[in-house]
Amino acid sequence: MPFSISLTVNGQPNSIALDDPRVTLLDLLRERLHLTGTKKGCDRGQCGACTVILDGRRINACLTLAATLDGSTVTTIEGLAEGTELHPVQAAFIACDGLQCGYCTPGQIMSAVGLLSEGHAGNDPERVRELMSGNICRCGAYQGITQAVLEAGQILSQNNTAQSRENGRNAA
Amino acid sequence: MSLETHIAPVATSRYGSNAGQPLTRRDGLLKVTGRATYAADNHPEGMLFAVMAVSRIARGRVRSMNIEAARAHPGVVEVLTPANRPPLFHDPNERIPPFGFRVEVLQDDSVRYVNQPIALVIAETLEAATEGAALLDPQYDTEPARVGLETGVRFDPSGVGIGGTPKTAHGDVEAGLSKAPIAIDVEVETPPQYHNAMEPHAVVAEWDGDRVVLDMPNQALAISCASYAAFFGIPVENVTIRSPFLGGGFGSKAILNGPQILAILAARMLNRPVKLALTRAQMYGPVSHRGQTWQKLRMGMERDGALIALHHHSLSATSAFEDFLEPAANASLPLYASPAILVEHEGIRLDTGTPGPMRAPGEASGSAALEVAIDEAAEACGMDPLAFRLKNYAETEPATGKPFSSKALRTCYEEGAARFGWSRRPRSAGQMRDENGLLVGWGMGTAVFGCPHFPAEARATLRADGTALVETGAADMGQGAWTALAQIAAEALGLEPDQVEFHSGLSTLPDAGVAGGSGHTASAGLALNQAGGDAIAQLSDLAVNDPQSPLFGAGNIGVTARGGRLYRRDDESRSESYAQILARAGRSHVAGTAKSNRDPAIASGHALYSHGAVFAEVKIDPDLGQIRTTRLIGAFAAGRIINPRLVQSQYFGGMIWGISFALHEEAVTDKRTGRIMNADLAEYHVPVNADVPPLEAILVPEDDAIVNPIGVKGVGEIGITGTVGAIANAVWHATGKRVRKFPIRIEDVMSSR
């Protein structure tokens, strides 16, 4: 029985007609909305390639049924750059060579963005390694990934500091 | 295909322009924004979804399936089984040289291994196809699975690997062993491993009459086109493969497999585009793996540690119906000097999918065993493992006496050992603990990998505006072909990389050969180098024969190409830009082409290898047996380095595969059913970020004017070799336990306190 959900994807509100309750968020994104940046590596929540940010939280899109997401907000890799400006995590992945084949990269980046915004990683490489361990990279780009998350974290915290100073000045 | 980028490139580190510089990846922008298009990202109009049903038994036949139930499921369009599968024009039970294997494409109802395709369900949606496949409920006539050493069928192979020699003898090993005052005898077992590229094998097939376009990850475009043409009875030029990005390959995407053929067949049958992407579990069968080995090494030494005999025997597993034997014993041919060397292979047939080349096929499992045995030999001689390796350093290739084209292994040993602090290593095991009471061990291994070379073609067109279009059908599976090959082309053309438009990853482009054997950069790179040279030569002809050119008459002296200009070799004040030369000649472009290959005299007269040395530290919890690699340092010499940033990443990737081989990876088979019990990424362990310590790769300079005219060797696979042994030897050094079965597990080292 067809039904519809409203789902905001990368800032764009959508009313999505679903004819099938079995559709996962991952397959909705990839096969129906043709947002193919989010990758399917295992379809079992084991590899992290499908990581997206749902209502502010990192999730595996393959383990989430689309029908349960009425009223939700999703950010995918396609929604990260602002216009022509890369997100600091994206830029750091290029600069640190935190990728090889690139297939796990969208998931790695979304995990990194999530954990940095949650403030979990700090400056500690061991914490970053642990927190990024839900995303498998078979090529073995881990060294660059860890470095990229640390560097992007520094840039983001500098930006935040600058932003709060700015806010402080404005308030004064 | 070209790299279409609509976002301005990020300001990335630039250290220079030409080959040798650590440019960031040209495809990085597409990959970090989700716009790099992998096969399964394609959606042609009217596309159907295919899902495979696979066997749950290892041997027998499919007695029945509930095809009606699948067909009746809403959205299901067709169910392909042996009963209605359209004919193929090549017998799938016959190989197609050079790399073709026998494939399982519903030719009959027999089952030869677990996860073999037994039907293909095609539907309007992925969900319907998935459910349709689940409704088939196959019933089997089951025969006992032959999946172990006891039940497999042994045989003497006629070849190993792809076209390799199963037995090589040099000198008299038995005589050497019988007179050796010190001897060791070591047995090492390596498990079945599965490539597990992050991108599951996929294809989107779209027919137009007797022409087909295939979006698929592919490591060997031209060879694959020819094979698909044979299977579908169409001219080779009617097959187009688009493979701009591979989500990892590691050897598993070089050889045709049954599932992809079936999806292409379904698209033709239904006259609609069809997409098939394997599930992760379905990758444990029809798309190759690294076969299991049981290896025996015997070594005889003089009292001073000099090897006098080396015998390496590998029992290598293959499938019940096809031959690919992990050429593991051949790892003992290129490395350690010994007056007598015997390497030999025996086969064992198991009811599994056919194994194939997986990152360092033979080299990885053979090196794992050899480097462990060398460590034991050093211990038996009372020698430091590095001193023992230096004592047996081969100045010429041991089994042939050929000179090495280059071999900077001594420098690798020196620099790696110095960086690691190897000289502070206590000789005997179980001597070191860290501040937390963990057992600490240091081990090392030698890395070595050959330098195959494939024929390749390329085209380089200098255009009126002074930029260039460079084309070759290369494959980038993460190693960095988009970047490194463009750098080689830019250098040959005397241009900056951003003045070079590079097209690749498409079968209609000139044949770039195979992305395998760590030979792609050298092979496709040589073609690009020569095509660029051809274009510059043509441009130079225009200039030196034109009285109006400042270069007129420089034909004998010659010109050099740099920065988009030709310079008179003996007088740099006389130069002219490419655009000026073309404009005055009234030419819109000059097109250089090349067909390159290795000079056969080079290969027959020299031993061609990359080398390296890997040093590992492990820490082991004496109570829990938990093993962590805590330091890993590799020093590698691989000829000329085109892009040190990407090469370092290749070394790191290889070394991480070494960690994985030593401590993580193993497909575990249920002996009763033949089913793989951990066919997923949760229980088939590969390293995650937290498993990987800070790595160091030292790029040891090495000039090699012999291996090929651009001096490039391979870097993609060597990192695994040496690393596995280094970690295993470090485990011994920490605990005093020699674990000779990979992967090394907690239970192997428990009670090491």
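Rules of the game
Residues numbered from 1 in each chain as written. Chains lettered and ligands numbered in written order. Predicted model: local features only at pLDDT ≥ 70, side-chain atom pairs only at ≥ 80, totals over all residues. pLDDT = per-residue confidence, 0-100. Domains from an automatic or database assignment. Contact = placed C-beta atoms within 7 Å. Pairing = 2+ DSSP bridges. Helix = DSSP H or I, 4+ residues; strand = E, 2+ residues; numbered from the N terminus. Axes fitted to C-alpha atoms, helices over the stretch in contact; angles between N-to-C directions. Left-handed = near helix turned anticlockwise from the far one by under 90°. Nonpolar A, V, L, I, M, F, W, Y, C, P; charged D, E, K, R; others polar. Buried ≥ 20, exposed ≤ 12 C-beta atoms within 10 Å, placed from the backbone.

Trainee: Is there a simple way to think about the confidence of the model for chain B in this case?
Mentor: For any part of a model where pLDDT is low, the fine detail of the predicted coordinates should not be relied upon. The predicted model of chain B averages 96 in pLDDT, with 98% of residues at 70 or higher. Of the two predicted TM-score estimates for the complex, the pTM is 0.97 and the ipTM is 0.96.

Trainee: Explain the domain arrangement of chain A to me, please; I cannot follow it from the model alone.
Mentor: Note on interface size: it is often stated as the accessible area lost on association of the parts. All names here are of chain A. For chain A, the domain assignment lists domain 1 (3-79) and domain 2 (88-171). Between the C-alpha centres of domain 1 and domain 2 there is a distance of 22 Å. At the junction of the two partners, domain 1 supplies 13 residues and domain 2 supplies 12 residues.

Trainee: I keep staring at the sheet that holds strand β13 (residues 274-277) of chain B and nothing clicks. Help me out?
Mentor: Hydrogen bonds between backbone atoms are what pair the strands of a sheet, whose relative direction is either parallel or antiparallel. All names here are of chain B. Across the sheet, which stays open at both edges, the seven strands sit in the order β3-β5-β1-β13-β10-β11-β12 with mixed pairing between neighbours. Because the sheet does not close on itself, it has two edges, and the strands there are β3 (76-80) and β12 (239-242). Across this sheet, the average inter-strand angle for adjacent strands is 20 degrees, counted without regard to direction. With six bridges joining them, strand β1 (residues 48-54) and strand β5 (residues 117-123) adopt antiparallel strand pairing. Across the sheet, residue Val-54 finds its bridge partner in β5, namely Pro-117. Most of the contacts of helix α3 (residues 126-134) go to β1, to which it runs at about 20 degrees, and overall it touches β1, β3 and β5. Running at roughly 140 degrees to β12, helix α5 (residues 221-232) makes contact with β11 (211-215) and β12 of the sheet.

Trainee: Can you help me understand the packing of helix α7 (residues 363-380) of chain B against helix α15 (residues 723-735) of chain B in this one?
Mentor: To describe two helices that pack against each other, one gives the angle between their axes and the distance between the axes. All names here are of chain B. Where α7 meets α15, the closest approach of the two axes is 8 Å, and the angle between their N-to-C directions is 35 degrees. The chirality of how α7 crosses α15 is right-handed. When α7 is examined against α15, the residues Ala-364, Ser-367, Ala-368, Glu-371, Val-372 and Asp-375 are found in contact with a partner set consisting of Val-724, Gly-725, Ala-726, Ala-728, Asn-729 and Trp-732.

Trainee: Could you clarify how one ought to interpret the domain arrangement of chain B in this entry?
Mentor: Residue and element names in this part refer to chain B. Once the domains are mapped, chain B shows domain 1 (48-144 + 196-283), domain 2 (154-191 + 294-396), domain 3 (402-453 + 598-753) and domain 4 (456-596). The C-alpha-based centres of domain 2 and domain 3 are spaced at 17 Å. If you list the elements that add at least two residues to the side of domain 2 that touches domain 3, you get β9 (182-190), α7 and α8 (385-391). The element best represented in the side of domain 2 that touches domain 3 is α7, accounting for eight residues. Tallied by class, residues from the side of domain 2 that touches domain 3 come to 13 nonpolar, three polar and 10 charged.

Trainee: It is not clear to me how the sheet that holds strand β26 (residues 609-620) of chain B should be interpreted in this structure. Could you clarify?
Mentor: Residue and element names in this part refer to chain B. With mixed pairing, the five strands of this open sheet are ordered in space as β17-β18-β26-β27-β28. The open sheet terminates on both sides in strands that have one partner only, identified here as β17 (432-433) and β28 (695-699). Relative to strand β18 (residues 439-450), β17 is paired through two bridges, and the arrangement is antiparallel. From the neighbouring strand, Arg-433 faces β18, where its bridge partner is Leu-439. Relative to strand β27 (residues 627-637), helix α9 (residues 409-420) is tilted by about 145 degrees, and along the sheet it contacts β26, β27 and β28. Set on the sheet, α15 makes contact with β18, β26 and β27; between it and β18 the angle comes to about 160 degrees.

Trainee: Explain α3(B) to me, please; I cannot follow it from the model alone.
Mentor: Since the α-helix turns once every 3.6 residues, residues separated by three or four places project in the same direction. Extensive coverage of α3(B) is indicated by the burial of seven of its nine residues. All of the buried residues in α3(B) are Leu126(B), Glu127(B), Ala128(B), Ala129(B), Glu131(B), Gly132(B) and Ala133(B). Of the surrounding secondary structure, the elements contacted by the buried residues of α3(B) are α1 (25-32) of chain A together with β1, α2 (67-72), β3 and β5 of chain B.

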